[in-house]
Amino acid sequence: MAWFKKEKRGITSEEKRSVPDGLWIKCDDCGEIIYRKELDKNLWVCPKCQHHFRFGYRQYLEILLDDGKLQEFNANLSASDPLNFPEYKAKYKKASEKLNIKEGTVTAETTIGGYPVVFAITDFEFMGGSMGSVVGEKISQAIKLALEKRIPLIILTASGGGARMQEGILSLMQMAKTSARLAELAKAGVPYIGILTDPTMAGVMASFASLGDIIIAEPKALLGFTGPRVIEQTVKQTLPPGFQRSEFLLEHGMVDLILDRRNLRETLINILKFFSK
């Protein structure tokens, strides 16, 4: 029988085989069961429906930057707890230790296709990619550096958390600060490329994320200020299909280009080549 073997063969009865956790992944969109290694090779894009799974900041750095190398600045800046908000310090510490970064954004000088850029990126795994006072300051300093060196600025966002409520008005102030910095950058004619991934929402979307000279979005990314469910409850109306997804924003002029993650680096190089002229 299948449940046991003879003891003389050295195999105990009722021995069962188990599949290691995480070996197979179910697609959130189409339900396809995908071998994890196949997903890794495909940059976490579903081979059946092209659904883009969320990607961590380290993965983006590896696929976009030349040899994944960067010269990070302001890496040791970290937030305080100005409002003594309940459990804020514990959540902040947990996120910091999980991603091994001090804050929810990494800012750096680097090259893409040999072209020098200032690059900033947020990660959803750090408190929803929310923008607190330090995130806003680091983004602001990245804009300032791009202006001083007159090299393109690229910011990639995955910031579903918007402005960080645990810091109150201090986080909301970062919306105005980063937007004002970007106005200076635009006035000087230094290009800014924004890359929006799922999700980019609330205060981040309402400030620096939506102000790029060229705005690129990944397919079906959730982009907006308030989530569709909250809007429907407020206006008491059913929203159009695909509302606040990349494709909807492209149709209404809020996004310039929807791009498969696997083509992102090549497209960025072409854009930077154009700007270099």
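The structure this text deals with has already been given above.
(A) Quick look at the overall build of the protein. The helix and strand tally for the protein stands at 9 helices and 11 strands. In terms of its C-alpha atoms, the protein occupies a principal-axis envelope of roughly 80 × 50 × 45 Å. Taking all 277 residues of the protein together, the buried fraction comes to 44%. Long-range contacts, defined as pairs at least 24 residues apart, comprise 67% of the intrachain contacts of the protein with a sequence gap of at least 6. Surface summary for the protein: the accessible area is close to 15,300 Å², and the carbon and sulfur share equals 53%. The protein carries 37 positive and 33 negative side-chain charges, and their two centres are separated by 4 Å.

(B) Representation of helix α5 (residues 169-187). Compared with the 27 Å implied by 1.5 Å per residue over 19 residues, the 28 Å span of α5 between its first and last C-alpha is a close match. The inward-facing, buried residues of α5 contact α4 (133-149), β6 (153-157), β7 (192-196) and α6 (202-205). At the C-terminal side of α5, G189 shows a positive phi close to 80°.

(C) Region of the structure containing the nonpolar core. Counting 38 residues, the largest nonpolar core has F53, L64, I112, F119, I121, I154 and L268 as its most contacted members. Sorting the residues of this core by element identifies α2 (57-64), α3 (88-99), β4 (105-112), β5 (115-122), β6, β7 and α9 (264-276) as the ones contributing at least two each. Ranked by residues supplied to this core, first place goes to α2 with 5 residues. Every residue in contact with F53, bar those within four places of it in the chain, is listed here: I25, K26, C27, D28, I34, L39, W44, C46 and R261. In terms of nonpolar packing, the next biggest core, distinct from the first, is built from 30 residues, F73, L153, Y192 and A221 among them.

(D) Expanded view of the environment of F85. In this structure, F85 sits in the loop between β3 (71-72) and α3. For F85, a relative accessible area of 28% gives the class partly exposed. Between the C-alpha atom of F85 and that of C49, which follows or precedes it by 36 residues, the distance is 42 Å. Setting aside residues up to four positions removed in sequence, F85 forms contacts with M165 and Q166.

(E) Layout of the layout of surface pockets. A volume near 270 Å³ is recorded for the largest pocket. Along its surface, the largest pocket is lined by 18 residues, and R54, F55, G56, Q59 and E125 are the ones closest to its centre. For the lining of the largest pocket, the per-class residue count stands at 7 nonpolar, 4 polar and 7 charged.

(F) A look at the packing of α4 against α5. For the pair α4 and α5, interaxial distance at closest approach is 8 Å and the crossing angle is 10°. Considered as vectors, α4 and α5 are oriented roughly parallel to each other. Of the residues in α5, those touching α4 at S133, G136, E137, I139, S140, I143, K144, A146 and L147 are L170, Q174, K177, T178, R181, L182, E184 and L185.

(G) Region of interest: the sheet that holds β3. Taken in spatial order, the 7 strands line up as β3-β4-β5-β6-β7-β9-β11 in an open sheet, and their pairing is mixed. Each of the sheet's edge strands pairs with one partner strand only, and the pair in question is β3 and β11 (257-258). Alignment of strand β9 (residues 214-217) against β11, held across 2 bridges, turns out to be parallel. By the bridge assignment for β11, I216 is matched with L257. In the packing of α2 onto the sheet, the strands contacted are β4, β5 and β6, and the crossing angle to β5 comes to about 165°. Here α9 sits on the sheet and contacts β4, β5, β6, β7, β9 and β11; the angle it forms with β7, its principal contact strand, is near 165°.

(H) The arrangement of a nonpolar patch on the surface in detail. A contiguous nonpolar patch, built from I169, L170, L172 and M173 and spanning about 370 Å² of accessible area, is present on the exposed surface. As for its placement among the helices and strands, I169 is situated in helix α5.

(I) A look at the pairing of β4. Most of β4 sits inside the fold, with 6 of its 8 residues counted as buried. Both β3 and β4 contribute to a ladder of 2 bridges, which runs antiparallel. The partner of E72 across the bridge, within β4, is A108. Here β4 pairs with β5 via 8 bridges, running antiparallel. Its bridge partner lying in β5, T105 is registered against T122. From the end of β4 to the start of β5, which pair antiparallel, there are 2 residues, and G113 there has a positive phi angle of about 65°.

Thresholds, definitions, all that
- Residues numbered from 1 in each chain as written.
- Predicted model: local features only at pLDDT ≥ 70, side-chain atom pairs only at ≥ 80, totals over all residues.
- Heavy atoms only, no water.
- Helix = DSSP H or I, 4+ residues; strand = E, 2+ residues; numbered from the N terminus.
- Buried < 20%, exposed > 50% of the residue type's maximum accessible area, 1.4 Å probe, protein only.
- Contact = heavy atoms within 4.5 Å.
- Areas by Shrake-Rupley, 256 points an atom, 1.4 Å probe, with all protein chains shown as cover.
- Lys, Arg positive; Asp, Glu negative; His and termini not counted.
- Charge placed at Lys NZ, Arg CZ, Asp CG, Glu CD.
- Expected span 1.5 Å × (residues − 1).
- Core = buried A, V, L, I, M, F, W, Y, C linked by side-chain atoms within 4.5 Å.
- 1 Å grid on protein atoms, 1.4 Å probe; cavity = no way out; pocket = protein on both sides within 12 Å on 5 of 7 lines; lining within 4 Å.
- Points joined across faces, edges and corners; volume = space filled by probe spheres on them.
- Nonpolar A, V, L, I, M, F, W, Y, C, P; charged D, E, K, R; others polar.
- Axes fitted to C-alpha atoms, helices over the stretch in contact; angles between N-to-C directions.
- Parallel < 35°, antiparallel > 145°, perpendicular 65-115°, else oblique.
- Pairing = 2+ DSSP bridges.
- Patch = residues over 30% accessible without salt bridge, like charges linked within 9 Å, V, L, I, M, F, W, Y side chains within 5 Å.
- Salt bridge = Lys/Arg side-chain N within 4 Å of Asp/Glu carboxyl O.

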